[in-house]
Each structure stands twice: as structure tokens, then as C-alpha cells.
Number of protein chains: 2
Amino acid sequence: MDKCKVLFIPDNKTVVVEKGTTLLASAISCHIHLNAACGGDGVCGKCKVIIKKGDLHCEPSGKISLEERRRGIHLACQTLVESDMEVEIPHESRLDLSALSSDELKLRLRGVFAEAEDIFEAKPRLGDDIFSYAPLVSKFYLEILKPSFDDKTSDCERVARALEEKIGLVPHLTGLANIRKLGALLRSSDWKVTVAVAHKGIAPEIISIEPGDRADKNFGFAFDIGTTTISAQLVDLNKRVTLGTKATYNRQATFGADVISRIIYAQEEDGLEKLHHAVVDVVNEMIESFVEEYDIDLNDVMCLSVAGNTTMIHLLLRIDPTFIRQEPYVAVANLVPVFKASEVGVKVNPRGLLFCIPGVSSYVGGDITAGVVACDMHESKDINLLIDIGTNGEIALGNVDWMVSCAASAGPAFEGSGLTCGLRATRGAIETVKLQKNTLEVEIRTIGQDKPRGICGSGYIALLSELLRCGVLDKNGKINRTIKNKRVRSGDSGYEFVVIFKEDSSVEEDIVVTDADLDNLKRAKAAIYSGIAILVRHMEIDFNQIKKIFVAGGFGTSLNIDSSVQIGLLPDVVREKYIFVGNSSLAGARQSLLSTQASKICDEVAKNITTFELSADPQYMDEYMAALFFPHTDMARFPNVKYGN
Amino acid sequence: MDKCKVLFIPDNKTVVVEKGTTLLASAISCHIHLNAACGGDGVCGKCKVIIKKGDLHCEPSGKISLEERRRGIHLACQTLVESDMEVEIPHESRLDLSALSSDELKLRLRGVFAEAEDIFEAKPRLGDDIFSYAPLVSKFYLEILKPSFDDKTSDCERVARALEEKIGLVPHLTGLANIRKLGALLRSSDWKVTVAVAHKGIAPEIISIEPGDRADKNFGFAFDIGTTTISAQLVDLNKRVTLGTKATYNRQATFGADVISRIIYAQEEDGLEKLHHAVVDVVNEMIESFVEEYDIDLNDVMCLSVAGNTTMIHLLLRIDPTFIRQEPYVAVANLVPVFKASEVGVKVNPRGLLFCIPGVSSYVGGDITAGVVACDMHESKDINLLIDIGTNGEIALGNVDWMVSCAASAGPAFEGSGLTCGLRATRGAIETVKLQKNTLEVEIRTIGQDKPRGICGSGYIALLSELLRCGVLDKNGKINRTIKNKRVRSGDSGYEFVVIFKEDSSVEEDIVVTDADLDNLKRAKAAIYSGIAILVRHMEIDFNQIKKIFVAGGFGTSLNIDSSVQIGLLPDVVREKYIFVGNSSLAGARQSLLSTQASKICDEVAKNITTFELSADPQYMDEYMAALFFPHTDMARFPNVKYGN
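Residues numbered from 1 in each chain as written. Chains lettered and ligands numbered in written order. Predicted model: local features only at pLDDT ≥ 70, side-chain atom pairs only at ≥ 80, totals over all residues. Heavy atoms only, no water.

## A closer look at the interface of chain A and chain B
Interfaces are frequently sized by the accessible area removed from exposure as the parts join. Cut-off, in case you're wondering: By definition, residues are in contact when any of their heavy atoms lie within 4.5 Å. The buried area of a pairing is the accessible area, by a 1.4 Å probe, that goes missing from both parts when the two are put together, added over both. Salt bridge, as used here: a side-chain nitrogen of Lys or Arg that lies within 4 Å of a carboxyl oxygen of Asp or Glu. Any pair of nitrogen or oxygen atoms within 3.5 Å is treated as a polar contact; in protein, a donor-acceptor pairing is required on top of that, and neighbouring residues in sequence qualify only through side-chain atoms on both sides. Only DSSP runs of H or I reaching four residues or more are called helices, and only runs of E reaching two or more are called strands; each is numbered from the N terminus.
Facing 38 residues of chain A, the contacting portion of chain B comprises 38 residues. Summed over both sides, the interface of chain A with chain B buries roughly 3,400 Å², with 65% coming from carbon and sulfur. On the chain A side of the contact with chain B, A:Lys152, A:Leu176 and A:Arg180 bury the most area, a combined 19% of that side's loss. Here chain A is connected to chain B by 2 salt bridges. Salt-bridge contacts for B:Lys152 lead to A:Glu613; the nearest nitrogen and oxygen are separated by 2.2 Å. For the interface between chain A and chain B, the tally reads 14 residue pairs in polar contact (both at pLDDT 80 or more). Secondary-structure elements contributing two or more residues to the side of chain A that touches chain B are α4 (155–167), α5 (176–188) and α9 (341–344) of chain A. If you tally residues by element for the side of chain A that touches chain B, the top one is α5(A), at 7 residues.

Below is the structure:
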């Protein structure tokens, strides 16, 4: 096979590939991550690159305008390398990995949840053992009685005995590596050591031993691995303090925007490997960046608690997700055993453990289990509703006696992905929008008050609501072409509304919302609303019987409930029922990290939730079709929504 | 550094070493194993080689006669390579790895023990769970209910549920590797699989899953890892049949004859590694040879049960044994957790498990625990005594209420090692000896009725007894130099008695016992007898209060009790008390392999045995000194022993 050299600028990275390789694959192979929401099918038009030099073969695409083609712009996924090339990657084609400051992000993800240190006000209940309120891994400093002729207990048993005296439970010492170094370690440390104890099974397990007193150095990570966004928190397990929060895109987006396209990609050659490494790389980079920023020793991180949808957990663990997509849609594992993080490729202490919050079913994952537990829905006598608005929109409804759930494929629109000017909730993202009814003048607020770069989920919801209110959109969500205003115009792909003109933005283009975007958003809101409606219908209750509606997702407190109801995303009930809970999946993962009890509760809760499979539900399609209007075909369901005022 | 090429014949193996390397090290580096009982100190004189070509530097040694030196014979451990060389290794300098046929060996090692299939006549007792009488790993064939829209339990939980229905206990599914392959495996096997279940902890654990019905293919190995000899049995865990038995030398002998010299060697650079690999290599070779001979699939071997003295277990697991030899003599681990065999380097099924019978203390190992359990001493109301005559002679005394033990460093003499013509109990080894009092004519029986090659332990005991009876030896164990007989002569190293002349042997030399050998044997018997005497003395009982005396070791049924008492090795009590139990360590390991209950009992028994440390015991030295006579200084202890008739 002929080999060609491809130089990517401005990265200045060169890669040698076989002739006929796509530019997208070439970029990935030298770790340049492009936005390719469709997984490289040429459909999303996100992976535009500028060819500077070299021959290529390229399928024509409606996503590239004539003007763009003239400038040498092509879709990387549709372009085959035919000779040595030089290729420029514009900023907007890259996966956006910029981040909010930890504090801003923490606030956004926090929602209603208390700080880690406040979670456990409750007193241990009768029958709780000492570990109920202990983190998944605890550290204990031991001053071990030295052996003598009168007491020749072996080193292993001596450590176990010292720990038993301290905690009142008989521990196991595990790990041949630990035992191999034990003799020298005990003697060189003068029998003063710190043991890390995990509460995996019935008996506590000593998973590592280190010299001296390091009991105060005990850190863990909570991770929410979303289809589009990965959020993480570094937690001091002793002080019960969240030290930092970070979020970034899931780099798997290069291989497809939603779980279905990822599952399909996993079936390609090395597909599963690539998806696995993409997420593990992001997790490791986030950990590295935390460790550096907070100046902690990686070896003092003994555990991770991870929540995510079922497919994300399969991919993280490199378990083939194929069967999730095949009838009757069964996961390989919902309740996943505890593994060593290193087995999965996650780099913390080599003996550190990875706990996954158990999933409910193939499309309702551990993220919803974590959310239910974080919101205390499993303990409430009232019926509550949890709506987690992500790429894989998951919904749970129930109380202490019963709990049902479903997953609605919303797509990544509300995470700001897959839309012309969509942006994750990060600096420069438009998060609120107000329109002047007559002039259509736009008033916005961006995250961090930066110059606008694009629009995030809450911004789109506000924008939609305003466009509807001002009559720019009809009930179908189409732009009213009769409006005479410079903001309403015909663009490359149908009509579009200009939110911010180029001169006021920090990018080189107008920030617009197109007919295609609007269609995308409409389908996303319809999917979620009809999911909610189906659960309520199946349980034969009324929306008014629901006491609280927890709205979770990356929005933070910026989401406007009125706007959400106006567009028919959320049901039209008394506004006081609504509570923003931020990232409830991350909050649940953090609770589990801090409490063995919470972790056990997650296991129980996951087992007891019933999932309704929407794709197999004849009523769902009716609900969905009826929801493909703003706010809904059945206006009686939205008595308080009136457009045009 | 200059490099030299050394060619070993007749192996025809060449190795390149640095100038100044010993020939012993050179041989080891190309996997030629020499007899070097002293660990290469130039003391045992076992590693004789013939230099054919090349320069060398060699320390003079009293172990090499002038005649030998003239023929180019040197000690490999004392010879430094100075140029390219050609070196011949005579047969007698090699570690003898020849073997008895499996059936012969089985008979010899069996002692009084029943076949595996007869052990468990006892009915399960009330409260015993289904696993009490199950092997350490059981296999179950499962026909798993296929998933449907009405039953979408995940694959993992589906397997666990099917097993739970079969065995009534909730199992765990472990191993990321198992889970990773599970989805495809279940579907390609049409949901008919065989699971291997281990009973490590409190809940049964599924350690492997394979397609189809392989429940009838469930094999395990019992190993006794002795300082000098390694014995093993292949067991069909379903049929409870011992399929085969093998024994060979522990190749660690190249690095020293007893546990102390091995511990010292372990402290050298790479010493621990080398000792570890030496034993693991032997174990793997034995397993390979079993698997080939009995035509079984290595993947159907899911567990090993290993008994050995504490140092042997440390070295097998590559745990530094240094502290066993340092005051106050503490092991790193007596109760060793279960590991994957692959972690240790032992090649069976990659998910197969290695169980070690727990040791009692630094010098009383799992071999004695196994022996106590195999002999039912822990359940007996009568006081019984177990004497395991190995290189590390271990002794246990007690009943259901109490149990004491000690270890006597007997050295490898009774295993036929470290003596001029010593041989393991293998083909051609002299096992019984009769002397004509006047003519000193010798009548012998060899194992396998082959031409004699050397003398094994039971042969030496019989020979000593006969030499004493016929007055060839005095009470000190010295050869009576006044005897005029062709068999009594002055040899290279003091006086010697010729047992078999060259012409009647299958080796190129006379088979003799020398003054040095006799001294060696005397010290060995004194060590063991005084160990027994100390336990009896400490417990303030009388030898006559002991009901049964179990004699264990590689002797099999060939050991003559009368001879043993005559030489003062065993106490002079009613002969009917004595029972040969063969290799009780191997028998105990086999019982554990076949019964989780037996395995648990071993844990309990090991905890409850008290060890007396002989080296720290002022009375021991007195006992030992008094035992350095035949049969003993205090003839009153041996009322039935009379020499000269």
C-alpha cells in the first residue's frame, strides 16, 4: 500500500497513513479530535477542514457551500488522502475542550445539592455498622505491636489484628503485591503504617499498605460519564469536601453523537477499543489535571465512583455493547462488580478501585440510579419525577413503594451539540435570551459574561420560547418567512434567525439558529416530554399528583422553567413543583463515594426500578407525534401557554 | 567485561558468560541443574564436572581426590571460567529427575490414606451447606433462560440467577475478562454454558464461564512442595479419583539443601527471583507432564491446593523469606489468601486459583497442618503424634483439645540427599538392607528391583540399624576400624563401608556409606528424636500416653519401624502404635482440594497449633546432645534396643 504523509496545522502534527484513509481517521490517529457528531457519516457537517496542499478524493456534500469549496474547505470524514497533504483544522471543527473555572462549574453542576460535607447530617441508624457512613475506601493509621518471641504472629495476620482492634471487624489482606512487599515495609517503617480499607463485600479488605501516617491523605473521584459531557469532582474523603469540579466533552463524540451511533461504531474493527480508549483518555487527563492543580499525590487516590448510562459504562469497561441495541435490548451487566481501576486503564493508585453505580436497564443507566438516590426519591412517600436532560434523556417517576423509568433519545441538542452554533455550557455560551417583540432585538447573557461564541442548552430553550412568543416560529417550529427583519434570512441550509451578528461575536461568523436546528430541538423536546407523559399515563396518575419535579442536566440554575414549559419540553404544572438539581448523576456518584451505605442503597434502588421500553411501546409513538408541535398538539395540556404576548 | 563461551556436554548446550563466572552459575543459566546441596559453597562436593577444554581458575578442594584432579574433575561451584570452555557433566552430578511410575509412586506416597473417592463417606452434618463436601472449585452446567421483552435482566445477573436456582446460594460473577466476553459467549453457545464456581469467601464466586456442557471436566492438583522433593497428584474433582501421582526433586536444591541456605540465597541479587522460578518451573513442568500423560485440557484445571513448609510457600509466592530467619522468626504470611495461579506464574486455566494450606509458624508449615487434618488428629480425643521426616522435620502432638508442634532441622539425609550415595526414593534406590553378622554379606532390595544406583532414606535407616547390630558401628556412629573385611576400608574422606561393589551396581562406582554420611545421619536422627522428646516433655506426658504415632515422609511402607527405633530415630514404644501415613502433607492438600469443609478445617487447625521454637529452647540442646548417640545416651529410654545379637 502507498503511504502518504499528512501535516495538520496549526497543531503541526504529521502522520503517515495509507493512501485512501479519511482525513478524519488520520487526525484521530495523531490525537487530534474533531467534532464529528454523526460518527463520520458526512451528515453533521461538523468536521470541516481546509486543504492547503495535496491531492484528495472527496464525495460531494450538501454541507459544504460553493464558497466554502472554493476556499478548499471539505468534510474530513468524506475526504480520502491521495498524496502527501497539508490540512488546516479551524477552531470550530475541534471538539471543544475548554473549561469553566472549577468554582463556576461546581456552582452550575451543584443544583440543589448540599456540599459533600453536609450530606451526612443524619445519625447512623440502629444496625448500621461503622462503615455505613464511611467512604468506599477508608485509611487507618496503625501502630502495630512488634513481633517478639512471645508473639510470633505472621506479618499479614499482625496487620489484620491491629486493624481489627481498631475497627472491630475482621479484615482480609488482599493482593499478592501487597504481601510481597509487606515484610520489608513493616520493618523499615518501624511498624507504623497506613492501610487503605475497601468495603467491597461483606468483610473489609485491606487493599494497600504504605509506611508512616498517611491516613489524612485519602482522596477519591466522582465521575459522571455522559454521552456528550464528562463531569468529575475531586473529593477529600476524610474532610468530606469537594475540592474541585471539572467538565469536558466526551471524546467519543468523534465516533458518533449518541449511544446508538457509538454502539454501531463499536462493531467496527477496533471500534470498541477506540471508544474505550477515547473515554479512558479523557478520564485520565481529567484526573491528571486535578492532581496537578490540587497538588495531591496520585497514589493517595484509592477510589472512583462512576455513574453513566449503560452504554457509557460498557464502553468505559470495554464490554461489547452490541446486545444493548439488539432485541430484546439486554445489557451485559447492569450491576457491575468492583474492579481495580488499573484493570480498566484508569490511572490512580495501582491498587485503587473503580465502583460503578449500577444501572437499571439497557437504556436507563447508573446515572438515573444515582439521581434517584441523590434526590431521595426512593425514600419519599410522595410521588416525585426526575428528568435528566442529556443526550440520552432519562426519566424516573415514583416513590418509596414503586419506581418506573424510561429513556428518551433526545440527542445531544440540549447539551449544545449537533447544532449549527451549539456550545456546551462553557465560557462565552449564550445561556439566556430575550427578544423585543417588534424589533426582534436580542438581549443575551453569556456564561462568564464573555463575548458570545455560541449557544448552550438553556440558551436554546430560552431562544425557542422567545421566538415562539414573538411569532418568529409557528406551531411547527418553522421560521415565519413573511417576517421582514435583517435577523430572519435564507441561509445555506434553509431559513435561519441571526441571534448575534459576527461583529458582536467572538467567532468569525454570525451566531444563528437554522430551520434544521429548530427541527432538531423540536424532536429533542418531543422525545423528553413524551417520555414523561408515557410514565404518567402508564402509572395512571395525573401530573398534579406529582409533588416535586427534579430537573437534572448540565444546565445548572440557568434553565428557565417558564421557557421550558412554553416550548413544551416540561409539563405545564405549578412552577413551584420544579426544582433544578444540577448534575444529579454526579451528586449520586459523590454520595456513593462518601458512604458505603449510599452505595448499597444504589444497588437496591437499581434493582427495584422498572423500565418501560419506549421503542416497543405503541402509545409512545402517538405521544411523540403529538409532541412534535409547540408546545403540543393537545393545547389543553398546556393551559398556561399562550404565544404572541 | 570479557565474554566466554561454555559448551556443556553431553547436553550440547552453549552459554556465553562473563569471564569469572562460576561453572555452576553458567550451567544454571542454560537450565542444566546440578546437584549442589550446599548452595555452591564448595562443601558438599556434589557438583563435580570434567573439564575437557579451556582455562579456568579453581580453588583447591578436599572434595576432589588427586586422581580425580588428574582426570580434569573439578567442583563446578568453585571453578571460574577464564576462557571458552568445554565441560562434561557426569550423570551423578545432576539433580536426579527420574521418576517412578505413577502407580508405584502413588502406592508409596499413599501410606494409610484412602483413595480420594473414599474420603468422604461421612454424611454432611446439620448446618453444612451444599459446598461443605464440594471441591474448592465446582463446575455447573446451566441452561439459561433467554432474554425476552418480558425479562430483560442483564447477562451477568441472568447467569447468576440461573446458578442461584441450581445451588440455592447467591453467587458473584467476577473478573472483567469474563464479563467482557460474556455477551458473545452466551449467544454463540445458545445460552448453554458451564460455570466454574469457587468457594473462596462467604459467597460462591463464578470464576469462569465456558460454552456448552463441560461440567464433567473438572480437574485439580494437590502439591506437596518439600525442601528436597516435590510431589503432586492430578485429581478428577467430580469423580473423586486420583488420576496420577508424580514426584521429583525441588530444583531449588541447586541453591542450597535446606531452608536456611535457601533463605540466605534469597537475599543475594536476584536470589529470590531465581528460587521462585526454580520451584515454579518444576511445578509447571509436572503439570505439563500430567496434562500430556492423562490427555486433559489445561483449561479444565481450575485449582491447585498446595502444602509446604513456610519457607517453601514464601518462595513459591515470591515473598521475601528473610524475616523467617531473623529473630524473633516471624513469617510474612502463614494464612495466605487465595490467588489466581497465574499471578504466581503457575500455568493452569488463566482464571484458575491457587490455595495454600495455612502454616502454623515460621518453621512449622502448611504441610504439618495438612498432615494433622489428614490424620484426623484434630478430632481425636486420644493424644496422637505426627512425625513428618523431611529436610525440615516437623512434629505435631495433640488431640481435639490441644496441639503443639516443633520443627527440627534434620537436613535432607532421610530424603537421600547430601550423602555420598544418597538417592531419592526412586528406581534403583536401595530401600532395605540385611547384613550377615559374621561375613558382613549384604542382602538388599531396591525400588523397582533394578540394579542398585544408590541408597534412599529407608535404606539408610535399615543400613544403620544393621551396621549397629553387627557391630560395624560403635555407639558414636563411627566405623569400627578394627574390623577386617573387604567392605570396611579407608576411603577418600575417612572410613567407609561398601554396601554394593561397583560390579553389582548400575553406576560406575562402589555404593558406600562414609563416616561423614554416618555423622550426617546421626545428626538428622538426633534432631528429630529430640524434637519429639521436647514436645512430650513440655506437655508433661509419657510416651505411653500417646495412642498413635503417625510417621510421614516419602518413605512409604518401606520404612522399618524396628530399624528406626534401633537407631534412636523413633521412640521405643509398642510397635503397634506406629502407623505409616506416607505423604500426609500431600494427602491433606488433596482433601482440601476435594472439600471446602476440609479447607476451612485447615484454617482453624493452623490457628490452634502452638509452636515451640527449638532454637530458643534451652532444654532442646541438652536433648539433642544426648541423642547424638546410637540409640541414645540414656539407654533407659530404649529398653528394647540391644545391639550385637
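## Considerations on the pairing of strand β15 (residues 301–308) of chain A
Residue and element names in this part refer to chain A. As a reminder, the rule being used: Burial classes: relative accessible area under 20% of the type maximum marks a residue as buried, over 50% as exposed, and values in between as partly exposed (1.4 Å probe, protein chains only). The criterion for strand pairing is that DSSP finds at least two bridges linking the strands in question.
Extensive coverage of β15 is indicated by the burial of 8 of its 8 residues. Where strand β12 (residues 219–225) lies against β15, 7 bridges are found, and the strand directions are parallel. Looking at the pairing, Phe221 lines up with Leu304 of β15. Where β15 meets strand β17 (residues 353–356), 4 bridges bridge the pair, whose relative direction is parallel. Looking at β17, one finds that Cys303 is bridged to Leu353.

## A closer look at the relation of the copies chain A and chain B
Filter applied, for reference: When the copies are overlaid, the least-squares fit takes in C-alpha atoms only where the residue has pLDDT of at least 70 in both copies.
By a simple turn and slide, chain A fits onto chain B: the slide is 0.0 Å along the axis, the RMSD is 0.1 Å, and the turn is 180°. Both copies of the chain, as the preceding transformation shows, are related through a two-fold rotation axis. Here 100% of the interface residues in chain A have copies in chain B that are interface residues too; the copies meet face to matching face.

## Structural notes on the sheet that holds strand β2 (residues 13–18) of chain B
All names here are of chain B. Put simply, the rule is: Fitted lines through C-alpha atoms give the axes, limited to the stretch in contact for helices. The angle between two N-to-C directions lies from 0 to 180 degrees.
Strand order across the open sheet formed by 5 strands is β2-β1-β7-β3-β5, with mixed pairing between neighbours. If you trace the sheet from one side to the other, it starts and ends with β2 and β5 (73–75), each paired once. Recorded for the sheet is a direction-independent mean angle of 35° between the axes of neighbouring strands. For strand β3 (residues 48–53) and β5, the ladder comprises 3 bridges, and the chain directions are antiparallel. Looking at β5, one finds that Val49 is bridged to His74.

## A look at the side chain of B:Lys577
Heads up, the condition is: The sign given to each residue is positive for Lys and Arg and negative for Asp and Glu; His and the chain ends receive no count.
Note that B:Lys577 resides in the loop between α13 (561–566) and β28 (578–582). One buried charged residue, B:Lys577, forms no salt bridge at all, with the nearest opposite charge on B:Asp542 at 7.9 Å.

## Some remarks on unusual backbone geometry
Looking along the chain, the bond that leaves A:Ile9 and enters A:Pro10 is cis, with omega of 5°. Its location among the elements puts A:Pro10 in the loop between β1 (3–9) and β2 (13–18). In this structure, B:Pro328 follows B:Glu327 across a cis peptide bond, with omega equal to 0°. Secondary-structure assignment places B:Pro328 in the loop between α8 (310–316) and β16 (339–340). Residue A:Leu440 is not a glycine yet carries a positive backbone phi of 60°. As for its position among the elements, A:Leu440 is in the loop between β21 (429–435) and β22 (442–446). Residue B:Arg318 is not a glycine yet carries a positive backbone phi of 60°. Relative to the helices and strands, B:Arg318 resides in the loop between α8 and β16. Its relative accessible area of 24% is what places B:Arg318 among the partly exposed residues.

## With respect to the packing of helix α10 (residues 366–374) of chain A against helix α15 (residues 596–608) of chain A
Residue and element names in this part refer to chain A. Rule in force here: Roughly parallel means an angle under 35 degrees; roughly antiparallel means over 145; roughly perpendicular covers 65 to 115; every other angle is labelled oblique. By convention the crossing between two helices is left-handed if the near helix lies anticlockwise of the far one by an angle smaller than a right angle, and right-handed if it lies clockwise. The nonpolar class holds Ala, Val, Leu, Ile, Met, Phe, Trp, Tyr, Cys and Pro. Asp, Glu, Lys and Arg form the charged class, and all remaining residues, Gly among them, are polar.
Axis separation between α10 and α15 bottoms out at 9 Å; the angle between their running directions is 115°. Our classification of the angle between α10 and α15 gives roughly perpendicular. At the point where α10 passes α15, the crossing takes the right-handed sense. Contacts between α10 and α15 pair Thr369, Val372 and Val373 from the former with Ile601, Cys602, Val605 and Ala606 from the latter. Partitioned by chemical class, the residues of the contact of α10 with α15 number 6 nonpolar, 1 polar and no charged.

## A short note on the side chain of A:Gln252
Residues and elements named next belong to chain A. For Gln252, the position within the fold is in the loop between β14 (241–249) and α6 (259–266). According to the relative accessible area criterion, Gln252 is buried, its value standing at 0%. In this structure, Gln252 is in contact with Arg262, Leu275, Ala278, Val279, Met312 and Leu315, ignoring residues within four places of it in sequence.

## Describing the packing of helix α12 (residues 515–538) of chain B against helix α16 (residues 618–626) of chain B
All names here are of chain B. Viewed as axis vectors pointing N to C, α12 and α16 meet at an angle of 135°, and their least axial separation amounts to 8 Å. Taken together, the axes of α12 and α16 are oblique relative to one another. The crossing of α12 and α16 is right-handed. Listed contacts from α16 to Arg523, Ala526, Ala527, Tyr529, Ser530, Gly531, Ala533, Ile534, Arg537 and His538 of α12 are Gln619, Tyr620, Glu623 and Tyr624. A class-by-class count of the residues in the contact of α12 with α16 yields 7 nonpolar, 4 polar and 3 charged.

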